[in-house]
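Residues per chain, in single letters:
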Amino acid sequence: MAIYSAGRRRTIIVLLLTSVLLITLDLRGNAVFNGIRSGFEYAFRPFEIAGEVVARPVSRVWKGVTQVDDLEDEVARLQEIVDRQRQAEIAGDNALIENRELRDLLDIESVANFDLVQASIIGSSPSNFDQRVEISAGSTDGIRVGMPVVNSAGLVGRITQVNPTTAVVMLATDPQYHVPVKVVAEIPAAELIEEPVTTTPSGVPVDELDGSSTTSTTSTTTSTSTSTTTTTTLPDPATFPGSTLPEELTTPVDTTTTSTTTTTTTTLPPVIITRETGVLDGYGGDRLPRVRFIADSPQFGRIEPGDAVLTSGGSESLAPPNIPVGRVANVISNAGTQGLELEVELNADLDRLNFLTVVLYLPPQGSSLN
Amino acid sequence: MLGALLHSSLPRLIPIGMILLALQKTLFVELQPFGVIIQLVLAFAASAGAAGGSERGALAGFVLGILFDLAIGTPLGSSSIAMGLAAWVAGTVQLIRIDATWWISAIFVGLGAAVGETTVPVIRRFTGEEDAFVPEMWTIVPVVAVSSAILSIAFVPLARWSLGLARPEWKVPVDA
């Protein structure tokens, strides 16, 4: 029989057309296909569990062989970071509580306002072109397509597929991932005010006082200096001409004058301003996500590496505002009208995810995303 | 013929496909030589092509692609094209030799896998995905091709069994 008979060609064409038809139907959204996917998930789960059992020891051996040196270096580096962070933790906790109280007071929307679902990662995408992971929570936990996913460091991605007990998370590095963000920066108040103002409690600028006072420039510091001056005064004989000074007056008189000067030097806390908004796009696993559509306008100041990137929220966004995303790593200037592009170093380490939190957030009713 | 093929092959092909898919989703996402996930299912589809010829291979690739799409949530049919094409390319080995040696099969399986893996971003571009082509393609395709060629040593006999094929035998032509 000929290898390329008309009948065989026909079979291949039928398969190709069937594939195209399936793609078209699936992309338009099809309840039957969704049902088949859910059914397949149940059928496939035992195979996956068996695969996990087989994979675990092999994977540990592989990691033991290939990653031990890196892990040792990382442990040392992390220990150093932990020591540094311990110090900041207490202040951070306090600031967090204050922040929450203020947000409640001002009725500002944040992640804390929404219900959260914790889940662990049970699988990764087996494709070289996807940045997706599978988590152990699904529609029965209230998870819906589009909900944002975070971990303790910040934004991780969003839900793209929901099954009854599992869900697929598209990571922020996936080329299909897009989320509106804002770039914010902490500006030291000193840059906004030309000179720090140092005043006495009465509000009198220190400069107008006698120049002998000393001021400190630490943040919100009240310094009280008590100066005790002991002056030994002898009456001027000239004021008592021709007279004999009484004995007590010829004895040196000690006059003690105590003056207390309280000066308050207030250096204002850093002011956080939004420099610019744009859309964060994933660029694949090995490349940093980028923020596009950034106008190169100095109106809010220049964007610089290190500026913080947070979700901007809004009715057209699938994520609530103020979820930390990362920091600006590089600022790329494009020619023409394309404006700036920012490379963003994500806070969350997407290569080492274990537990994730799904924010049960859906955009406001009436949004075009609903 | 299509019906007969499906009827005879599916009971073996689907369980094997699911086992390979489970291994790819668990074990091979951890073991990534040069940062590339070895494509077990694609290698098996190409091996099916090398074992059973372009037509049977394309059919097996279609079925395996559907399983792959169902498991990872990509548009149903998109991986079928890639795997079907991989199997079709690998199946051209039978144009050269009916009973190819293991290393000739391995070369064609590698070629088929390379074509299949290259097709994936092309299909995704057609389905509307932006930036489907990643710069790491230059690493991904060779690693997938070489790993598939190596795996074909085991996968070609497995594919032959799952497709219900007997090993062809040379027959001395007899004059009429």
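Please read all numbers here as calculations on a predicted model, not as lab measurements.

Caption draft 1: Fine view of helix α6 (residues 137-162) of chain B. All names here are of chain B. Between its first and last C-alpha, α6 extends only 31 Å over 26 residues, short of the 38 Å set by a 1.5 Å rise per residue. For α6, the principal kink sits at S152 and spans about 55°. Within two residues after α6, G164 carries a phi angle of roughly 70°, on the positive side.

Caption draft 2: Fine view of the environment of V162 of chain A. Residue and element names in this part refer to chain A. With respect to the element layout, V162 can be found in strand β4 (residues 154-162). You can call V162 partly exposed: its relative accessible area is 22%. Here V162 is in contact with G138, S139, I143, R144, V145 and A167, once residues within four sequence places are set aside.

Caption draft 3: Here's a closer look at empty space enclosed by the protein. Here the structure, examined in full by the defined rule, presents six cavities of 30 Å³ or more. Taken as a whole, the largest cavity spans an internal volume of roughly 150 Å³. Lining the largest cavity are 17 residues, and of these F68, S79, A82, E117 and V120 of chain B sit closest to its centre. Those elements giving two or more residues to the lining of the largest cavity turn out to be α2 (40-72), α3 (78-91) and α5 (102-126) of chain B. By residue number, the principal contributor to the lining of the largest cavity is α5 of chain B, which donates five residues. Split by residue class, the lining of the largest cavity holds seven nonpolar, seven polar and three charged. If you go around the second largest cavity, you meet 13 residues; those closest to its centre are E41, E134 and N163 of chain A together with L70 and A71 of chain B.

Caption draft 4: Expanded view of the interface of chain A and chain B. Across the boundary between the two partners, chain A contributes 47 residues, which contact 58 residues of chain B. Summing both partners gives a buried area of about 4600 Å² for chain A against chain B, and 69% of it is carried by carbon and sulfur. When residues of chain A are sorted by the area they lose upon contact with chain B, P126, N128 and F129 of chain A head the list and together hold 17% of the total. Where chain A meets chain B, there are four salt bridges. The partner of E30 of chain B in a salt bridge is K63 of chain A, and the shortest N-O contact between them spans 3.0 Å. Our enumeration of links across chain A and chain B arrives at eleven residue pairs in polar contact (both at pLDDT 80 or more). Those elements that place two or more of their residues in the side of chain A that touches chain B are α1 (6-27), α2 (31-106) and β2 (132-135) of chain A. Tallying contributions element by element places α2 of chain A first for the side of chain A that touches chain B, with 16 residues.

Caption draft 5: Looking closely at the packing of aromatic side chains. Residue and element names in this part refer to chain A. This model, assessed by the stated rule, comprises three aromatic pairs over all chains. Seen from their ring centres, F114 and Y361 are 4.9 Å apart, and the 80° between their planes marks the pair as edge-to-face. Taken as a pair, F114 in the loop between α2 and β1 (116-124) and Y361 in the segment after β15 (355-359) lie far apart in primary sequence, 247 residues in all. Take F114 and Y361: they sit in the same class, and that class is buried. When the ring centre of Y283 is taken as reference, the NZ or CZ atom of R290 above it lies at 5.2 Å.

Caption draft 6: Structural detail: the packing of α5 of chain B against α6 of chain B. All names here are of chain B. Between α5 and α6, whose axes approach to 7 Å, the crossing angle comes to 140°. Relative to α6, the element α5 lies oblique. Both α5 and α6 take part in a crossing whose hand is right-handed. Of α6, the residues touching α5 (which contributes W102, S105, A106, V109, G110, A113, A114, E117, T118 and P121) are M137, I140, V141, V144, A145, S148, A149, S152, I153 and V156. In terms of residue class, the contact of α5 with α6 is made up of 14 nonpolar, five polar and one charged.

The rules behind the values
Residues numbered from 1 in each chain as written. Chains lettered and ligands numbered in written order. Predicted model: local features only at pLDDT ≥ 70, side-chain atom pairs only at ≥ 80, totals over all residues. Heavy atoms only, no water. Helix = DSSP H or I, 4+ residues; strand = E, 2+ residues; numbered from the N terminus. Expected span 1.5 Å × (residues − 1). Bend = angle between axes of the 7 residues up to and from the residue. Buried < 20%, exposed > 50% of the residue type's maximum accessible area, 1.4 Å probe, protein only. Contact = heavy atoms within 4.5 Å. 1 Å grid on protein atoms, 1.4 Å probe; cavity = no way out; pocket = protein on both sides within 12 Å on 5 of 7 lines; lining within 4 Å. Points joined across faces, edges and corners; volume = space filled by probe spheres on them. Nonpolar A, V, L, I, M, F, W, Y, C, P; charged D, E, K, R; others polar. Buried area = accessible area lost by both parts, 1.4 Å probe. Salt bridge = Lys/Arg side-chain N within 4 Å of Asp/Glu carboxyl O. Polar contact = N/O pair within 3.5 Å; in protein donor to acceptor, adjacent residues only side chain to side chain. Phe/Tyr/Trp six-rings, centres within 6.5 Å; stacked < 30°, edge-to-face > 60°. Lys NZ or Arg CZ within 6 Å of the ring centre and 35° of its normal. Axes fitted to C-alpha atoms, helices over the stretch in contact; angles between N-to-C directions. Parallel < 35°, antiparallel > 145°, perpendicular 65-115°, else oblique. Left-handed = near helix turned anticlockwise from the far one by under 90°.

Honestly, that's just the spatial picture; any functional story needs more than this.
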